[in-house]
2 protein chains.
Amino acid sequence: MDKTITDQLLKFRKATVPDDALAMMRLSLFDWAACGIAGAKEPEFGDFVKMQKRLGTGQSSVLGGGHAPAATAALINGTLSHALDYDDTHFAHIGHPSVAVLPAVIALAEDVGAPLDVAVDAAAIGVESSILTGLWLGRSHYQIGYHQTATAGAFGATMGTARLLGLDKDELRHALGLCASMASGIKAQFGTMGKPLNAGLAARSGVEAALWAQGGMTAAQDGLAGPLGFGATHHGEAAEIKPGKGPWHLLSISHKFHACCHGLHAMLEALGTSELDPDQIASVHIRTHPRWMSVCNIAEPTTGLAAKFSYAQTAAMALLGHATGAISNFTDEITKDPQVVEMRSKIMISEEERLSETQTEISVSLTGGGMRRLRHDLMAPMSFEDRSAKLQKKTADLLGQDRGEMLWKAAQGEDLRALCDQLVMS
Amino acid sequence: MDKTITDQLLKFRKATVPDDALAMMRLSLFDWAACGIAGAKEPEFGDFVKMQKRLGTGQSSVLGGGHAPAATAALINGTLSHALDYDDTHFAHIGHPSVAVLPAVIALAEDVGAPLDVAVDAAAIGVESSILTGLWLGRSHYQIGYHQTATAGAFGATMGTARLLGLDKDELRHALGLCASMASGIKAQFGTMGKPLNAGLAARSGVEAALWAQGGMTAAQDGLAGPLGFGATHHGEAAEIKPGKGPWHLLSISHKFHACCHGLHAMLEALGTSELDPDQIASVHIRTHPRWMSVCNIAEPTTGLAAKFSYAQTAAMALLGHATGAISNFTDEITKDPQVVEMRSKIMISEEERLSETQTEISVSLTGGGMRRLRHDLMAPMSFEDRSAKLQKKTADLLGQDRGEMLWKAAQGEDLRALCDQLVMS
């Protein structure tokens, strides 16, 4: 009989994480913490956080301030760090891999007093497992309406926390089985507070599944892949996966460098390399995949939210030097700024079948005559140094230069406490 | 456009609960508490309970001792009260309706200081909603592998807690939407600690969904029945339902009166009315629905657990006067008792296509010549008085006469505190 994904995850529990995966995980840890610290300022989640913190105190840092039991901290931090939808993505497994795993692993690491490198190792196992589970569940699971970030994410969080606690094979089997009764979250929540909550619930499920299994709770023998299990009930495709073979999937994680719809990112990356003087620009012609025309092509936005779904607006902002990585720049005012409005009028958008969803092509006509051509593909490999620099720029835009540097230092260091001090600082 | 089940539940939130439904709910409250108090003695859940209680203190009573926040108490109490699988059932919606709803409603009622009649009213709305949701999800949802007790149960628990908190229409809509991202639980857990845990998780989801919605958390507009919602993703049939029309569904709840497989209950009910002298019995011929032959027809069980799945064993116990309502009677020893073994040898079991799953027919040949014929159908209406008497007998068998009487008095009274004092008493 073929091995199920559960059998493969059981073996994967002892995998050695390669250095490139650990380094990439550190970058995602830095990025996740920045998104979380910024997300903790969203006032709409304030009552929810207060309510949860009243339930009991503990060892684990809560984004924005205070401490709570690990499960509660995972729930709150998972929710807050997905509040801005600005955290990392993995296109093939269709979800945000870090936002379910890191809140679980970091909260539990603090609780058990693990050093940061142990937490990063556990998170890498968790994130890779989340992607593997997502690939195994496949597109049918996502298309029918499951929020893969939350469903696959819960199993990833469980694998990460299990690694951290050093669960043995039987305990891990029960933990994955328990997770199979908790993993949940539907796409109907998109556009509501329920979407970030899905991530928080996945993180909590990871903490609880591992702790309960360690405490002797039994569950289905193969709750993920077996009969009447998660895959069978949740429209899983049972696609073939091979944990630990070839380059790790987490190396192809995408980070968001702009605080707006993902459909605009290739265009913003292309413009970001142009070093064009705004005064020299006569007109701009942007070509993009047809799918995005109905998603993020608002011609004349009048609110900060609408600006996040507008080629013309974000292109004008980029060309005029307004940081598109800063949430704070997406205001109602900037949509009415005379310079921005003038620049918008010079920009034309058209769809181009030949391009993929991650590609863009731009022609800029210059006032002095001549033309500049720009192009970008989000799938293009990026050097580790470029990625680091871009993430540091994003964080400086999000949190300010000083705070960004402190966070970078903490995320690259060995002291979990120093990192968590950054999380609680409001 | 037709109204969805969500629209109907939104209207149902203000329904007046009829007196017969309230009286039935009181009986189920008594039965649930008895199952919970007995279930709290199951040692395998001890570590789980301890772990949860360490997370924080609160106002809500925990079965077997102590207090916790409402959500935690709901989780623990839901799990413990389903540990023995001895709580009430509703055959049409295929699940245990009280075990998800009552732990949520009682824990929250204590937290907000509601009197017992308000809690019973809220529980009736919750249980009826759970059955309605279960009927709406239908058999395809159950057959594919969802544990309806947990999935429909979470929505029932949410309706009950929302009624208790007096949520307005918008808040209730969000609570049901949040529940749609949390309701979960698969049948792969049957036979493990994951099965009772499913009930506990459903109860907790009910408490959290209502409290979070009250705290301003938003969710999908129609997370239960809308596009990409719970029904669409979880193999729901979307069968037609009519809340509050005709007799309430909760009036057709079944209570278990014997601590063994449900397939044996019709037979044990039939034997219970026979008043046969064991010495007069020459032979017994039991006819039952073919489905049960592979489920609970172990001919010569040698353990207490196997005894729970044996026609011959449980029939012999009943004929010899051993209470089949007492968990404590299902021991390894009683399967080897010489009188029981001799009686077993006089019993023959055969399948009979003509009978339904809830029917049995028995012929007893007497030593002095002649024959007694017995029959029973679990679906036969039972008077309120008979049901009360049988539940009091069950509770006396489970907890002892005195404790059973105290619990009966508390469950029939108006003082929530008095009932909860019974729950915490070990």
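Residue numbers run consecutively from 1 along every chain, following the written order of its sequence. Each chain takes a letter, starting from A, and each ligand takes a number, starting from 1, following the order in which they are written. At least 70 in pLDDT is required for a residue's local features to be given in this predicted model, at least 80 for side-chain atom pairs to be given and counted, and no such filter applies to totals for whole chains, interfaces and linings, which use all residues. Only heavy atoms go into the side-chain values, all of them from the structure, while hydrogens and water stay out.

**With respect to the overall build of chain A**
Argument step 1. Secondary structure elements are defined from DSSP: runs of H or I of at least 4 residues count as helices, runs of E of at least 2 residues count as strands, and each element is numbered from the N terminus. Scanning chain A from N- to C-terminus turns up 17 helices and six strands.
Argument step 2. Our radius of gyration looks at C-alpha atoms and nothing else; its globule reference is 2.2 Å times the residue count to the power 0.38. Relative to a compact globule of 426 residues, whose C-alpha radius of gyration would be 22 Å, chain A shows 22 Å and is just as compact.
Argument step 3. Summarising its shape, the C-alpha atoms of chain A cover approximately 75 × 45 × 35 Å along the three principal directions.
Argument step 4. Note on classification: 1.4 Å probe, protein chains only; a residue is buried when its accessible area is under 20% of the maximum for its type, exposed when over 50%, partly exposed between these limits. Expressed as a percentage of its 426 residues, the buried residues of chain A come to 61%.
Argument step 5. As presented, chain A carries roughly 15500 Å² of accessible surface, and 51% of it is formed by carbon and sulfur atoms.
Argument step 6. Mean positive and mean negative side-chain charge positions of chain A (36 and 46 charges, respectively) differ by 2 Å. Working definition of accessibility: Shrake-Rupley area with a 1.4 Å probe, residue cover restricted to the visible protein chains. Within this scheme the basic residues Lys and Arg register as positive and the acidic residues Asp and Glu register as negative, but His and the chain ends are omitted. Here the site of a charge means NZ on Lys, CZ on Arg, CG on Asp, or CD on Glu.

**A look at the domain arrangement of chain A**
All names here are of chain A.
Argument step 1. For every domain, the bounds stem from an assignment made automatically or drawn from a database. Looking at the assigned domains, one finds that chain A contains domain 1 (5-254 + 384-424) and domain 2 (262-377).
Argument step 2. Relative placement of domain 1 and domain 2: their C-alpha centres are 33 Å apart.
Argument step 3. The criterion used for residue contact is that any of the two residues' heavy atoms lie within 4.5 Å. Contacts between domain 1 and domain 2 engage nine residues on the former and seven residues on the latter.
Argument step 4. Buried surface at the junction of domain 1 and domain 2, summed over both partners, amounts to about 630 Å²; 61% is from carbon and sulfur atoms.
Argument step 5. By buried area we mean how much accessible surface two parts lose on assembly, using a 1.4 Å probe and totalling the loss over both. Looking only at domain 1, the three residues that lose the most surface to domain 2 are Y86, F91 and D397, adding up to 55% of its buried area.
Argument step 6. Here a polar contact means two N or O atoms within 3.5 Å. Within protein one must be a hydrogen donor candidate and the other an acceptor candidate, and residues neighboring in sequence count only if both atoms are side-chain atoms. The interface formed by domain 1 and domain 2 holds two residue pairs in polar contact (both at pLDDT 80 or more) in total.
Argument step 7. Asp, Glu, Lys and Arg are counted as charged, while Ala, Val, Leu, Ile, Met, Phe, Trp, Tyr, Cys and Pro are counted as nonpolar; the rest, among them Gly, fall into the polar class. Counted by class, the side of domain 1 that touches domain 2 contains four nonpolar, one polar and four charged residues.

**Some details on the relation of the copies chain A and chain B**
Argument step 1. Least-squares superposition of the copies uses the C-alpha atoms of those residues scoring a pLDDT of at least 70 in each of them. For the pair chain A and chain B, the relating rotation is 180 degrees, the translation along its axis is 0.0 Å, and the fit reaches an RMSD of 0.1 Å. Overall, the copies show the geometry of a two-fold rotation axis. Minimal C-alpha separation from the rotation axis in chain A is found for A:G56, amounting to 2.1 Å.
Argument step 2. Interface residue correspondence from chain A to chain B reaches 100%, placing this contact among same-surface, isologous pairings.

**Let's talk about the environment of B:R387**
Residues and elements named next belong to chain B.
Argument step 1. Note on placement: R387 falls in helix α15 (residues 384-399).
Argument step 2. Spatially, the C-alpha atoms of R387 and T72 are 32 Å apart, while their sequence positions differ by 315 residues.
Argument step 3. When sequence neighbours within four positions are dropped, the list of residues in contact with R387 reads M24, L27, I253, S254, H255, F257 and M382.
Argument step 4. In this structure the side chain of R387 is engaged in a polar contact, spanning 2.9 Å, whose partner is the side chain of H255.

**Details of the interface of chain A and chain B**
Argument step 1. Each side of the interface is counted separately: chain A has 51 residues, and chain B has 51 residues.
Argument step 2. Approximately 3800 Å² of surface area, both sides summed, lies buried where chain A meets chain B, with 61% of it carried by carbon and sulfur atoms.
Argument step 3. When the buried area of chain A at its contact with chain B is split by residue, A:S181, A:W212 and A:L228 rank highest and sum to 16% of it.
Argument step 4. What counts as a salt bridge is simple: a side-chain nitrogen of Lys or Arg found within 4 Å of a carboxyl oxygen of Asp or Glu. For the pair chain A and chain B, the interface holds two salt bridges.
Argument step 5. In this structure, B:R204 engages A:E208 in a salt bridge whose closest nitrogen and oxygen atoms are separated by 2.7 Å.

**A closer look at the UniProt feature "domain: MmgE/PrpD C-terminal" (unreviewed entry) in chain A**
Argument step 1. UniProt positions are given in the numbering used here, feature names are shortened, and annotations may be inferred rather than shown by experiment. Here the UniProt feature "domain: MmgE/PrpD C-terminal" (unreviewed entry) sits at residues 258-408 of chain A.
Argument step 2. With 35% helix and 19% strand, residues 258-408 of chain A has end C-alpha atoms that lie 19 Å from one another.

**Notes on the nonpolar core**
Nonpolar side chains in soluble globular proteins tend to be buried together.
Argument step 1. Residues belong to a common nonpolar core when they are buried Ala, Val, Leu, Ile, Met, Phe, Trp, Tyr or Cys residues joined through side-chain atoms within 4.5 Å. Formed by 277 residues in total, the largest nonpolar core has its most connected members in A:I106, A:W212, A:L250, B:I106, B:W212 and B:L250.
Argument step 2. Not counting residues within four places of it along the chain, the set of residues in contact with A:I106 comprises A:L29, A:W32, A:A119, A:L416, A:L419, A:C420 and A:L423.

**Quick word on the pairing of strand β3 (residues 281-288) of chain B**
All names here are of chain B.
Argument step 1. By the criterion of burial, β3 is predominantly enclosed, with six of the eight residues buried.
Argument step 2. Only strands joined by at least two bridges in the DSSP assignment are considered to pair. Two elements, β3 and strand β5 (residues 359-366), share seven bridges in a ladder whose sense is antiparallel. Within the sheet, the bridge partner assigned to I286 lies in β5 and is I362.
Argument step 3. Both β3 and strand β4 (residues 347-351) contribute to a ladder of five bridges, which runs parallel. Note that in β4 the partner of T288 across the bridge is E351.

**Regarding the packing of helix α16 (residues 401-412) of chain B against helix α17 (residues 416-424) of chain B**
All names here are of chain B.
Argument step 1. Between N-to-C directions, angles cover 0 to 180 degrees, with each direction set by a line fitted to C-alpha atoms, over the stretch in contact for helices. At a closest axis distance of 8 Å, the pairing of α16 and α17 adopts a crossing angle of 150 degrees. It follows from the interaxial angle that α16 and α17 lie roughly antiparallel. Read as a crossing pair, α16 and α17 show a hand that is left-handed. Along the contact surface, α16 presents R403, M406, L407, A410 and A411, while α17 presents A418, L419 and Q422.
Argument step 2. Residue composition of the contact of α16 with α17, grouped by class: six nonpolar, one polar and one charged. Throughout, the term roughly parallel applies to angles under 35 degrees, roughly antiparallel to angles over 145, roughly perpendicular to angles from 65 to 115, and oblique to all others. Here is the rule for handedness: rotate from the far helix to the near one, and if that takes an anticlockwise turn smaller than a right angle the crossing is left-handed, while a clockwise turn gives right-handed.

**A look at unusual backbone geometry**
Only a minority of non-glycine residues have a phi that is not negative, and only a minority of peptide bonds are not trans.
Residue and element names in this part refer to chain B.
Argument step 1. Not every positive phi belongs to a glycine, and H235 is a case in point at roughly 55 degrees.
Argument step 2. Examined against the element boundaries, H235 turns out to sit in the loop between α10 (230-233) and α11 (265-272).
Argument step 3. Judged by relative accessible area, which is 22%, H235 ranks as partly exposed.
Argument step 4. You will see that A238, though not glycine, has its phi angle at about 55 degrees, which is positive.
Argument step 5. On the accessibility criterion, A238 (51% relative accessible area) is exposed.

**Quick notes on the sheet that holds β4(B)**
Residues and elements named next belong to chain B.
Argument step 1. One open sheet holds the four strands; their spatial order is β4-β3-β5-β6, and the pairing between them is mixed. Pairing within the sheet leaves two strands with one partner each, and these edge strands are β4 and β6 (371-377). Here the strands of the sheet are splayed against their neighbours by 15 degrees on average, with no regard to which way each runs.
Argument step 2. Bridge analysis of β5 against β6 gives seven bridges, and the strand direction is antiparallel. For S365, the partnering residue across the bridge sits in β6 and is M371.
Argument step 3. Its contacts with the sheet place α11 against β3, β5 and β6, and it is angled at close to 45 degrees to β5.

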